[in-house]
Amino acid sequence: MTPRKWVEFAATSSRSLLLSLPEKHVRSSSSSSRRYHGTLMAEEAKKLAAYAAVDNHIQVVGVGSGSTIVYAVDRLAERVRQEKLNIVCVPTSFQARQLILQHGLTLSDLDRHPELDVAIDGADEVDAALTLIKGGGGCLTQEKIVAGCAKHFIVIADYRKDSKALGQQWKKGVPVEVIPMAYVPVSRAIARRFGGEAVLRMAVSKAGPVVTDNSNFILDWKFEHAQNWKEVNTAIKMIPGVVETGLFVGMAERVYFGMEDGRVKTRDPPIN
């Protein structure tokens, strides 16, 4: 199925699903209906973006992390089965590794494939210049390593992640992975130099802080205003104890946004 036909199919399917809801759901409160509709459309948007990216970029693939990437792996596995493609996948996290194995795709790593044809990943927010905030799921360091090893870095997201400026949509701040013993001095250094507050991310289903796949902690820097993100990214990384930031500056080649109306919108970096 071509991307255009898929878009038409997805849009028609989502409309049909809404029309088939029982009457009691139709009579539910307007706020509940809006929340349901918004959730449904967001999931369809994630799928649209993921399928379009996979249909246009497939070879030796770096597989990102998060909710949107699940659809990308679904589509990748489907194309491998249908078209007998020879695809090798390099994961960015334990979650990505499990997705690759569950779909019967060929698992590899950067030792065997240090150069990737393409990496596909999600984002927490994308601004007009294709600067990204990533790391809401805690996988920023490995995601950035894999993206940096790829000839092409493609981002997939739903319409809610699209912003003119960082911080417009994503309110949880910029994730910063740190060595555990350094989280207090790093937090203070970031706040002192750039303002805002860098807060240790705490786990939800366990006592204590979130621990990354690299056995480190994460600070979420809640900045107060727009910055020169390239300079800020470099400066934060120079603070002793910082492993990596969730600022992806000048890395994304193209972003696919799944839209509410069933379209897929693409954005390329601005021409300077």
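Not measured: the values here are computed from a predicted model. (Residues numbered from 1 in each chain as written. Predicted model: local features only at pLDDT ≥ 70, side-chain atom pairs only at ≥ 80, totals over all residues. Heavy atoms only, no water.)

Caption draft 1: Representation of unusual backbone geometry within the structure. A positive phi angle, near 55°, is found at Lys84, a position not held by glycine. Along the polypeptide, Lys84 turns up in the loop between helix H4 (67-83) and strand E2 (88-91). Using a relative accessible area of 70% as the deciding quantity, one classes Lys84 as exposed. Phi at Ser215 takes a positive value of approximately 65°, unusual for a residue other than glycine. Here Ser215 is to be found in the loop between strand E9 (197-200) and strand E10 (217-222). (Helix = DSSP H or I, 4+ residues; strand = E, 2+ residues; numbered from the N terminus. Buried < 20%, exposed > 50% of the residue type's maximum accessible area, 1.4 Å probe, protein only.)

Caption draft 2: View of the packing of aromatic side chains. All told, the structure shown has six aromatic pairs when counted by the stated rule. Between Phe194 and Trp221 the ring centres are 5.9 Å apart and the planes differ by 55°, which places this aromatic pair in the tilted class. Separated by 27 residues along the polypeptide, Phe194 in helix H7 (residues 183-194) and Trp221 in strand E10 bring together distant segments of the chain. An identical accessibility class is assigned to Phe194 and Trp221; each is buried. Consider the rings of Trp221 and Phe223, whose centres lie 5.5 Å apart with planes at 55°: the pair is tilted. Judged by its relative accessible area of 0%, Trp221 is buried. When its relative accessible area of 15% is taken as the criterion, Phe223 is described as buried. Feature note: the residues Phe194, Trp221, Phe223 and Trp229 constitute an aromatic cluster, connected by ring pairs. Taking the ring centre of Phe248 as reference, the NZ or CZ of Lys134 above it sits at 5.5 Å. Across the ring face of Phe248, the terminal group of Lys144 is positioned such that the distance to the ring centre comes to 4.9 Å. (Phe/Tyr/Trp six-rings, centres within 6.5 Å; stacked < 30°, edge-to-face > 60°. Lys NZ or Arg CZ within 6 Å of the ring centre and 35° of its normal.)

Caption draft 3: Expanded view of the sheet that holds E10. Strand order in the open sheet formed by four strands is E9-E10-E8-E11, with antiparallel pairing between adjacent strands. The sheet is open, and its two edges are formed by E9 and strand E11 (242-245), each paired on a single side. Taking the axes of each pair of neighbouring strands and ignoring which way they run, one obtains an average angle of 30° across the sheet. Two strands pair when backbone bridges link them, and strand E8 (residues 174-178) and E10 are joined in this way by five bridges, in the antiparallel orientation. Directly across from Val174, in E10, lies its bridge partner Trp221. Contacts between H7 and the sheet are confined to E8, E9, E10 and E11, with E10 contributing the most and set at about 15° to the helix. (Pairing = 2+ DSSP bridges. Axes fitted to C-alpha atoms, helices over the stretch in contact; angles between N-to-C directions. Contact = heavy atoms within 4.5 Å.)

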